[in-house]
Amino acid sequence: MEFVRDKGSFIWNMALPIFLIFGFAFAFGRGDQQVFTVGIYGSGVDHPFLQLEDINFIEYDSLEVAQNRLQRHQLSLLLNLDEQSYAINELSAESRVVEQLFQGYAEDYSIAPEGWQRQAISGQAIRYIDWLVPGVLAMNMMFSGLFGVGFVIVRYRKNGVLKRLKATPLQPMEFVISQIVSRVLIVVLSASVVFSGTNLFLRFVMHGSYLTLLLLATVAVTSIISLGLVFASRIRSEELAGGLLNIVVWPMMIFSGIFFSLEGTPPILQQVANILPLTHFLRAARSVMLDGATLLEIVPSLLIMLGMTLLFLLMASLFFKWE
């Protein structure tokens, strides 16, 4: 009966599985089993090959990004419709198979395949662990930042610690910032130890700067902790705090790209993912590690996370309640 009377926790325990089921169904429930992935750049021609339903076609606005995907074996074939050319990865068996399929399909429709210029790109496949490691570190930072700060403040409020602090000259913003600074130091230090220790054995691909990655992680942790403070600013029940924090945790777990890429998912889902701070961290972190992106190239992601941090801090200080 105590559990039922806690309406917030009860409702969330009913809503969470429903949310997960519908979320996965919307993102990955199309029911088709597409074996190959082909990248498309430009819109010069309407080739009948593009009508094949058994191939996952992904459109790219940047030719360089698409070529990088092909080089890493994330694409089986790349079609440049503006120049009527296609590119394959010579080291990929899938790429060679799709090339034969493309040429055979063109002959069936009396489209001369020699009219399309062939380009060959060489590149070894990126290990899944190299792609996954930023997601694992991000997940660790997310749980430490959200639940670490959120539960501590709620427990302080529940035990009367915040009530006693109210009698001091301490301002809400000062208390909020102190929580952020202490937690950022702990989370960044622990993430650095985990990354360095596992890197000794697995040797992750790292084409960028470690300092850039460290700066990026610091900004991301600050943003995530600030978000957790928004939820912990008024809540008194630890059960309700856990439920509300899960509202943020699970969408980021599923839709931010921790375990799998969002390429090929519905566009509206990708737009929703852009409002989550973890999405911008993962996008920038993988660019630094796998593509060698410089600090200037990830500035847009840094500015977005800094803007989110300022917004979350303002909300947390306005909504903060000592008792």
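Residues numbered from 1 in each chain as written. Predicted model: local features only at pLDDT ≥ 70, side-chain atom pairs only at ≥ 80, totals over all residues. Heavy atoms only, no water.

A. Representation of helix α5 (residues 128–159). The first and last C-alpha atoms of α5 sit 45 Å apart over 32 residues, in line with the 46 Å expected at 1.5 Å per residue. Where α5 ends, the next residue or the one after it, Gly 160, has phi of about 85°, a positive value. (Helix = DSSP H or I, 4+ residues; strand = E, 2+ residues; numbered from the N terminus. Expected span 1.5 Å × (residues − 1).)

B. Molecular detail of the side chain of Arg 69. With respect to the secondary-structure elements, Arg 69 resides in helix α3 (residues 63–71). Assessed through its relative accessible area of 17%, Arg 69 is described here as buried. Apart from the residues lying within four places of it in its own chain, the contact partners of Arg 69 are Tyr 60, Gln 74, Leu 75 and Glu 263. (Buried < 20%, exposed > 50% of the residue type's maximum accessible area, 1.4 Å probe, protein only. Contact = heavy atoms within 4.5 Å.)

C. How the structure looks around the nonpolar core. Of all hydrophobic cores here, the largest spans 61 residues; its most connected members are Met 141, Leu 146, Ile 153, Leu 216, Leu 229, Phe 281 and Met 289. Those residues within four positions of Met 141 in sequence are excluded, and the remaining contacts are Val 187, Ala 191, Ala 217, Val 221, Ile 224 and Phe 281. Counting residues in each nonpolar core, the second largest holds 14 residues, with Leu 50, Leu 77, Leu 81 and Phe 102 among its members. (Core = buried A, V, L, I, M, F, W, Y, C linked by side-chain atoms within 4.5 Å.)

D. Representation of the sheet that holds strand β1 (residues 36–41). What the five strands build is an open sheet, ordered β2-β1-β3-β4-β5; its pairing is mixed. In this open sheet, the two edge strands, each paired with only one partner strand, are β2 (55–60) and β5 (117–121). Between one strand axis and the next, the sheet turns by 25° as a mean value, whatever way the strands run. Pairing analysis gives six bridges linking β1 to β2, with the strands arranged parallel. Its bridge partner being in β2, Phe 36 is matched across the sheet by Ile 55. (Pairing = 2+ DSSP bridges. Axes fitted to C-alpha atoms, helices over the stretch in contact; angles between N-to-C directions.)

E. Looking closely at the layout of surface pockets. Here the largest pocket defines a volume of roughly 1400 Å³. Taken together, 41 residues form the lining of the largest pocket, with Val 65, Arg 69, Glu 263, Arg 283 and Ser 287 sitting closest to its centre. Those elements that provide at least two residues to the lining of the largest pocket are β2, α3, α10 (267–273), α11 (277–291) and α12 (299–319). For the lining of the largest pocket, the element with the most residues is α11, which contributes nine residues. Taken together, the residues of the lining of the largest pocket sort by class into 15 nonpolar, 16 polar and ten charged. (1 Å grid on protein atoms, 1.4 Å probe; cavity = no way out; pocket = protein on both sides within 12 Å on 5 of 7 lines; lining within 4 Å. Points joined across faces, edges and corners; volume = space filled by probe spheres on them. Nonpolar A, V, L, I, M, F, W, Y, C, P; charged D, E, K, R; others polar.)

F. View of unusual backbone geometry. Its identity as a non-glycine residue notwithstanding, Gln 84 has a phi of 50°, on the positive side. Within the secondary structure, Gln 84 is located in the loop between β3 (77–80) and β4 (85–89). Residues other than glycine seldom take positive phi values, yet Arg 203 does so here, at roughly 55°. Tracing the backbone through its elements, the reader meets Arg 203 in the loop between α7 (172–202) and α8 (210–232).

G. The packing of α11 against α12, seen in detail. Their axes nearest at 9 Å, the elements α11 and α12 cross at an angle of 160°. Between α11 and α12, the angle falls in the class roughly antiparallel. The chirality of how α11 crosses α12 is left-handed. Of α12, the residues touching α11 (which contributes Pro 277, His 280, Phe 281 and Ala 284) are Ser 301, Ile 304, Met 305 and Met 308. Class assignment of the residues belonging to the contact of α11 with α12 gives a composition of six nonpolar, two polar and no charged. (Parallel < 35°, antiparallel > 145°, perpendicular 65-115°, else oblique. Left-handed = near helix turned anticlockwise from the far one by under 90°.)

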